[in-house]
Structures are given as structure tokens and as C-alpha cells.
Amino acid sequence: MDKIRIIGGKRLSGTIPVSGAKNAALTLIPCALLTDEPLTLRNLPRLADIDGFQHLMTQFGVSVNIAGGRPEDFGRVVTYEATRLTSTVAPYDLVRKMRASVLVLGPMLARAGEATVSMPGGCAIGNRPIDLHLKALEAFGAEIELAQGYVKARAPDGGLPGGDYDFPVVSVGATENALMAAVLANGTSRLNNAAREPEIVDLCNLLVAMGAQIEGIGTSDLTIHGVKRLHGATYRVMPDRIEAGSYACAAAITGGQVRLDGAKADDMLSTIHALRNIGIEVETDATGIDVAANGPLKAVNLSTAPFPGLATDMQAQLMALLCRAEGTSVLTETIFENRYMHVPELARMGADIDVQSRTAIVKGVPSMTGAQVMATDLRASMSLVIAGLAAEGETQVKRLYHLDRGYERLEEKLALLGAEVERIGDE
Ligand code: EPZ
């Protein structure tokens, strides 16, 4: 297993491109199932999770054509064509490796009238149930059966009638599955308390480009008028707001000055607000964001929340930054029940953090020391990289496959900013 070796203390400066959003791409790709025409996605990030999803799509008979492009390019253009589906089963051995695979449930049900998808199971940050996905699909008229660890979903003959569903909890994935099921229903569907994350807006924009009729895009109340069929489209994936926020934290902890080219400020206002409260200068324009740390870092209190609140996917990275702030910060993680796996590893680098249930009390320390640390989940591993960039000496982050799931060519981007970083294979 690869690991990344960082020599801390280098001030980051320069410009890096922000890649296409992993969490948008993972819901845009399954839209190819909704039509027998080609769907071309541009600005797709080169990530392990995207490769995994593409492999899953081939299991259904979907053709995946990756356009040329130079090896040094960031992002790819990929065309998916689901002319004819040869299977409606998403097997356990694929779904367990990438839980976002559950996002084939809605579109497969809409296109084929049936879908058999392995239950994804939990992961490091929580047990990650999918009950809301299933309740929304049932509200649209699907019959759902759970057997041998699989979800077996079936639409009535003639397709889903559509219906109304009130989400008791905001769920990004359940909103996405429901949207992809409703667009081909025989009637109108309504989703209340739907997720409003920018990735949901990106999904709605793609579906509309394919011929879907959706009202209330960007709000928590969505109305979908089902149509008979959808056509192909060419669509550019939105920039990754979490990747951009992560590199902003990396620049800030090193006292650096970095431009995040392609970042969309409107998608990350809560992160920008938090950074400014910490004392970081953030300037935004139509094509990107400039981040500069010119003074001491200030302690702040942060609480994660569904969009437009502070993204839970930014909690670990901001915590790493706050380890170096003057004063004590209080972070509250309201979305997932076990999203502090980075804390013991940060503590090995000298951080002073006390976790009490969903709250983490972070006492700023004047310095941290490099150490060998273990990545446990995607965003936790990025927080260790961020801490390592400003720690004294060498940090090695093991189990790099966690990082490769969500950060396109991380060490190349960090090296572009002047970091002393290299990827090393395991002895
Ligand atoms: C998406 O996960 C993202 N993943 C996550 O990013 C992100 O942290 C999360 O949304 C919240 O923003 C992708 O988009 C691929 P949820 P998702 O359904 O859809 C509970 C990353 O690091 N819930 O909004 O699984 C759930 O347990 C990843 O890139 C139910 O109870 O998140 C959680 O407490 C990590 N029942 C809360 O809702 C359900 O049926 C929010 O989960 C579904 C969810």
C-alpha cells in the first residue's frame, strides 16, 4: 500500500486547478442508465471512486469510452452509453467497496422497472443506513424487498406512478436516488426537505439537460414532472468545493498564499466564512478563489450542517487548521456519528483535542511534530496531510488509498504549491 511522505514547514504558494467534484460525478454517472443515448461528462476527476463506479456500470452492459487527452491533463471526458441493459444487479463485492454504488438504484428502477442492489453496509464514519432512499422510492410506488443483504426494488407494470415524500432527515444520497427515479415516472412527484447541496443542483441541471422537468432546483422543495423518455447530453461536472476547501486549509496552515483556479465561491460560502473568522484572507472572483494567511490563526466554534451550513466533509480539514490556532475551538459534528477518526492520529503529531460524543474541543498548540500516521477515511486522511504540511519534520500518511478516492493527483498539486511531498510504495 502506498503512503505519502511530507517534510513540513514549507509555505505553500502558487496556483492549482480545482478538479471536478467527486460527489457530483458519482450521481451524474448513473444518469446514463436513464437513456439509451450517449451521456458525455467533461471535467471528470481521475479518482479511484470514479473508476470503481465506471466498472460497476460496465456490469450492466453500459459502454464506457474515455476520450484521449494528455497524461498531464487534470480531469477526463468520458462517454457512457446504456443502449441495452444486460443486468439490473449491483453485486455485493462491488457495492461494499464503494457505497455510492447505491445510487444506481433509482435510475435502474426508472429505466428497467426493477433493480437488485446490495445493501452498502456501513463505513468508518458511521453505519450509513439507506432507509430514506427506500422510503422515498416506495412513496413513488416502488415495491421494496430486503433479502440476503440485497435491496430488490420493482416498479408496477408500466412504470413508477410517482408520489410525494417528506424527508424527516436531510439526505444527499436519498434525494439523488429519488430524483433519478422520479424523472421517468408516469406522474408528478414532490420531495420536501430535500438536500440542497450544490451536487444536487448539478444533478438537476444534468437531468434537465437530458429533458427532465424539475421545479424548485436549489431549494428543499422539488417538484418533478415525469416524462416518457430522456435523451443523451454533454455536461461539465461542477468544481469540487471540498477539494477547494481542503487546499485552502493547507495554504492557511502553512502561512501561504494560493489561488484555487476554477473554485466556485457560491458553493462554499460557509467554508469561506469559517476561514475568514479564523483570520484567513479569502478573495473570490468569477474564475476562482485566492487564499492568504498573513497573521495568527484565531480559534472559532464550528458546527456542521446540511447545505448551506458548514459541510461535514470539511470538518476534519478545518480541525487540522484549528490545531494551530491561538485559543480553544469547539467543533460539533451533527451529520455523522463517528467522524473524529482523525483525532487520535492528529494527537500523535502533538495536537490537543478532547472529544466528547459529537463535540471536539481543540486547544491550539504552537507547534506539531511530524509522525507516521494512519489514514482511516477520506477526509480524515486529508486532515493528516494538512497537519503534516506545517509540522516540524517528516510525516508519513499510510493507507493512501483513502486519499486516492477523493483527491486527484494530490501530491502533484501540493508539489505545484512548493510542498516537499512524495508518494512512496510500501516496503
Ligand atoms: C453524501 O453522503 C456524500 N457522499 C458524503 O461525502 C457527505 O458527507 C454526505 O453526503 C453529507 O453531505 C457522496 O455524495 C458520494 P446523507 P450520503 O445521506 O448521501 C443519515 C465524502 O467524504 N441517513 O446526506 O451517504 C446518514 O446516516 C463523503 O466525500 C439516514 O439515516 O449522506 C447521515 O447521518 C463522506 N438514512 C445523514 O443522514 C438514509 O437513508 C446524512 O447522510 C440516508 C442517510
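Cut-off values and rules
- Residues numbered from 1 in each chain as written.
- Predicted model: local features only at pLDDT ≥ 70, side-chain atom pairs only at ≥ 80, totals over all residues.
- Heavy atoms only, no water.
- Helix = DSSP H or I, 4+ residues; strand = E, 2+ residues; numbered from the N terminus.
- Rg over C-alpha atoms; globule rule 2.2 N^0.38 Å.
- Buried < 20%, exposed > 50% of the residue type's maximum accessible area, 1.4 Å probe, protein only.
- Contact = heavy atoms within 4.5 Å.
- Areas by Shrake-Rupley, 256 points an atom, 1.4 Å probe, with all protein chains shown as cover.
- Lys, Arg positive; Asp, Glu negative; His and termini not counted.
- Charge placed at Lys NZ, Arg CZ, Asp CG, Glu CD.
- Core = buried A, V, L, I, M, F, W, Y, C linked by side-chain atoms within 4.5 Å.
- Pairing = 2+ DSSP bridges.
- Axes fitted to C-alpha atoms, helices over the stretch in contact; angles between N-to-C directions.
- Near = heavy atom within 4 Å.
- Polar contact = N/O pair within 3.5 Å; in protein donor to acceptor, adjacent residues only side chain to side chain.
- Nonpolar A, V, L, I, M, F, W, Y, C, P; charged D, E, K, R; others polar.
- Salt bridge = Lys/Arg side-chain N within 4 Å of Asp/Glu carboxyl O.

Structural notes on the overall build of the protein
Logical step 1: The number of helices and strands found in the protein is 14 helices and 24 strands.
Logical step 2: For 427 residues, the compact-globule estimate of 2.2 N^0.38 gives 22 Å, and the protein sits close to it at 21 Å.
Logical step 3: In terms of its C-alpha atoms, the protein occupies a principal-axis envelope of roughly 65 × 45 × 45 Å.
Logical step 4: The proportion of buried residues among the 427 residues of the protein is 56%.
Logical step 5: The long-range share in the protein, meaning contacts at least 24 apart out of those at least 6 apart in sequence, stands at 75%.
Logical step 6: Total accessible area on the protein is roughly 16,000 Å²; 48% of this is exposed by carbon and sulfur atoms.
Logical step 7: With 40 positive and 50 negative side-chain charges, the protein shows a spacing of 2 Å between the two charge centroids.

Notes on the nonpolar core
Logical step 1: One finds Leu34, Leu41, Phe60, Leu179 and Leu191 to be the most contacted residues of the largest nonpolar core, which totals 80 residues.
Logical step 2: No other element matches helix α6 (residues 172–182), which puts six residues into this core.
Logical step 3: For Leu34, the contacting residues outside a window of four places in its chain are Pro107, Ala110, Arg111, Met180, Val183, Leu184, Leu207, Met210 and Leu230.
Logical step 4: Formed by 73 residues, the second largest nonpolar core is a distinct cluster that contains Leu260, Leu275, Leu346 and Leu400.

Some points on the pairing of strand β16 (residues 281–285)
Logical step 1: Note that β16 and strand β17 (residues 288–292) share five bridges and pair antiparallel. Each bridged residue has a counterpart across the sheet, and for Asp285 the counterpart in β17 is Gly288.

Describing the sheet that holds strand β1 (residues 3–7)
What links the strands of a sheet is backbone hydrogen bonding, and the strands pair in either a parallel or an antiparallel sense.
Logical step 1: Taken together, the four strands give an open sheet; going across it, the order is β22-β23-β1-β24, and neighbouring strands pair in mixed fashion. Strand pairing shows two members of the sheet lacking a second neighbour, β22 (372–374) and β24 (420–424), which therefore form its edges. Neighbouring strand axes in the sheet, compared pairwise and without regard to direction, differ in orientation by 20° on average.
Logical step 2: As defined by bridge partners, β1 adjoins strand β23 (residues 394–398) across four bridges and the pair is classed as antiparallel. Residue pairing across strands places Ile6 opposite Thr395, the latter belonging to β23.
Logical step 3: Across the sheet, helix α12 (residues 378–390) is in contact with β1, β22 and β23; its angle to β1 comes to roughly 25°.

Regarding the sheet that holds strand β4 (residues 63–66)
Logical step 1: Strand order across the open sheet formed by four strands is β4-β5-β3-β14, with mixed pairing between neighbours. In this open sheet, the two strands that pair with only one neighbour each are β4 and β14 (233–236). When the angles between neighbouring strand axes are averaged without regard to direction, this sheet yields 20°.
Logical step 2: In this structure, β4 lies alongside strand β5 (residues 76–81), joined through four bridges in antiparallel fashion. Bridge pairing in β5 places Ser63 opposite Glu81.
Logical step 3: Here helix α7 (residues 198–209) sits on the sheet in contact with β3 (39–44) and β14, set at roughly 155° to β14.

Concerning the site of the ligand
Logical step 1: Every one of the 23 residues lining the ligand counts as a neighbour, but Asp131, Leu132, Ser171, Asp313 and Ile335 are closest to it.
Logical step 2: Note that an oxygen atom of the ligand is positioned 3.0 Å from one of the side-chain N or O atoms of Lys22.
Logical step 3: Between an oxygen atom of the ligand and a main-chain N or O atom of Gly173, the distance comes to 2.8 Å.
Logical step 4: Listing elements by their share of the shell around the ligand, those giving two or more residues are α1 (22–28), α5 (131–139), α6 and α12.
Logical step 5: Looking at the shell around the ligand residue by residue, the class counts come to eleven nonpolar, five polar and seven charged.

Notes on α6
Logical step 1: Of all eleven residues in α6, ten are buried, a share of seventy percent or more.
Logical step 2: Every buried residue of α6 is accounted for by Gly173, Ala174, Thr175, Glu176, Asn177, Ala178, Leu179, Met180, Ala181 and Ala182.
Logical step 3: At the N-terminal end of α6, a side-chain oxygen is found 3.0 Å from the backbone nitrogen of Ala174, two or three residues along, and the residue is Ser171.

Notes on the pattern of salt bridges
Logical step 1: Using the criterion set out here, one finds 24 salt bridges in the structure.
Logical step 2: Its salt-bridge partner being Arg259, residue Asp261 comes within 4.0 Å of it at the nearest N-O pair.
Logical step 3: Judged by relative accessible area, which is 35%, Asp261 ranks as partly exposed.
Logical step 4: Among the ionic pairs, Glu411 bridges to Arg423, the shortest N-O distance being 2.9 Å. Here Glu411, found in helix α14 (residues 410–416), pairs with Arg423, found in strand β24; they are twelve residues apart in sequence, far enough to count as distant.
Logical step 5: For Arg423, a relative accessible area of 30% gives the class partly exposed.
Logical step 6: Several salt bridges converge on common partners, so that one network encompasses Asp2, Asp404, Glu411 and Arg423.

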